[in-house]
Each structure stands twice: as structure tokens, then as C-alpha cells.
Amino acid sequence: MKRLSLLLASALLAACTSTGAPNMNRLTGEVFYLQRSALPPNATLSVSLQDVSLADAPARELARQSGTVQGQVPLPFTLEYDSAEVKPGHRYAVSARIEADGRLLFITTEQHAVQLDGSGNDPRPLRVKVDPVR
């Protein structure tokens, strides 16, 4: 019985190491707006990295960060994504939104394209502008 347990544990460990961990990359940036107004203390920020290649289909999300806003703009973010999900020839963009009490306050209105090709062409940090919702 002891030998069987040891054999099963070894097989499980081998399976875990042979598949390996995903190749995670990180995209950092900050969200900002131009209005001279403070965010309420219960504001939340949500930032996502999406594959926007297909015009007639919903964007596919590769990464998301969301949570309560700490401080005021600019608001830093870090998106960790699996580089194995990045496909050659696809287009990727970052979008952001700020909400409070279930009400949308700010959202991206322009596409913030990113390369994700490792070329280093993306500005560091990436600056994502959000506009007020009227």
C-alpha cells in the first residue's frame, strides 16, 4: 500500500512538472482622466486586456484586474497574461472603467492598442485615458 501511494504521488508530480507553468507576462500601466475631480472612496477600477481581432465577435479577455481604487489618478494597474494565448497577427487592446455604487463614472472611449510581441514598442508604463460618462 505504501509503495502504491509513493508511485501515485510520483506520477502526479511528474505530470505537474511535465506540463509546466504557463509562460506569464506582465503589462503595467496607469489609468487617468483629465477632469479635476476626486473619485469617491468606494470607487472601483476594472482594467482588462482583450483580443480584439474579430470585428463581428465579442472581444476575448486574456487578463483582468479589478478592485477598490486606492488613492487618486493616475491609478496603477498590472495585467498578467499567458503569452501562449497571444497569437501572431491578432490585435490586442486594454480597456478600463471606473464605477461607484453600481454607476459607471469613467470608461475608455478610444482603443488603447498594445503589441504583446515582445518588441518593446509599447510605451512603459502604458497610459490608458478614461472619459466621463454623461
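In case you missed it, the structure is sitting above this.
Residues numbered from 1 in each chain as written. Predicted model: local features only at pLDDT ≥ 70, side-chain atom pairs only at ≥ 80, totals over all residues. Heavy atoms only, no water.

Comments concerning the pattern of salt bridges
For side chains bearing opposite charge, pairing can occur when the charged atoms are close. Counted under the stated rule, the structure contains six salt bridges. Put simply, Glu-80 and Arg-26 hold a salt bridge, and the shortest N to O gap is 2.7 Å. Highlighted residues: Glu-80 in strand E4 (residues 75-82) and Arg-26 in strand E1 (residues 24-32), separated in sequence by 54 residues. With a relative accessible area of 42%, Glu-80 lands in the partly exposed category. On the basis of relative accessible area, Arg-26 is assigned to the exposed category, the value being 55%. (Salt bridge = Lys/Arg side-chain N within 4 Å of Asp/Glu carboxyl O. Helix = DSSP H or I, 4+ residues; strand = E, 2+ residues; numbered from the N terminus. Buried < 20%, exposed > 50% of the residue type's maximum accessible area, 1.4 Å probe, protein only.)

Here's the deal with the packing of aromatic side chains
Counted under the stated rule, the structure contains one aromatic pair. Relative to Phe-106, the ring of Tyr-33 has its centre 4.1 Å away and its plane inclined at 10°; by these criteria the two rings are stacked. Here the residue Tyr-33 occupies a position in the loop between E1 and strand E2 (44-51), and Phe-106 occupies one in strand E6 (residues 103-107), the gap between them amounting to 73 residues. Its relative accessible area of 6% is what places Phe-106 among the buried residues. Across from the ring centre of Phe-32, 4.1 Å away, lies the NZ or CZ of Arg-127, which sits over that ring. (Phe/Tyr/Trp six-rings, centres within 6.5 Å; stacked < 30°, edge-to-face > 60°. Lys NZ or Arg CZ within 6 Å of the ring centre and 35° of its normal.)

Comments concerning the side chain of Asp-51
Its place among the elements puts Asp-51 in strand E2. Although Asp-51 lies buried, it forms no salt bridge, and the closest oppositely charged side chain, Arg-60, sits 4.4 Å away as judged by the N-O distance. At a separation of 2.7 Å, a polar atom in the side chain of Asp-51 contacts the side chain of His-90. (Lys, Arg positive; Asp, Glu negative; His and termini not counted. Polar contact = N/O pair within 3.5 Å; in protein donor to acceptor, adjacent residues only side chain to side chain.)

With respect to the environment of Phe-106
Each C-alpha atom of the pair Phe-106 and Ala-96 lies 8.2 Å from the other, and the pair is 10 residues apart in sequence. Every residue in contact with Phe-106, bar those within four places of it in the chain, is listed here: Tyr-33, Gln-35, Ser-37, Leu-39, Ala-96, Arg-97, Ile-98, Val-130, Asp-131, Pro-132 and Val-133. (Contact = heavy atoms within 4.5 Å.)

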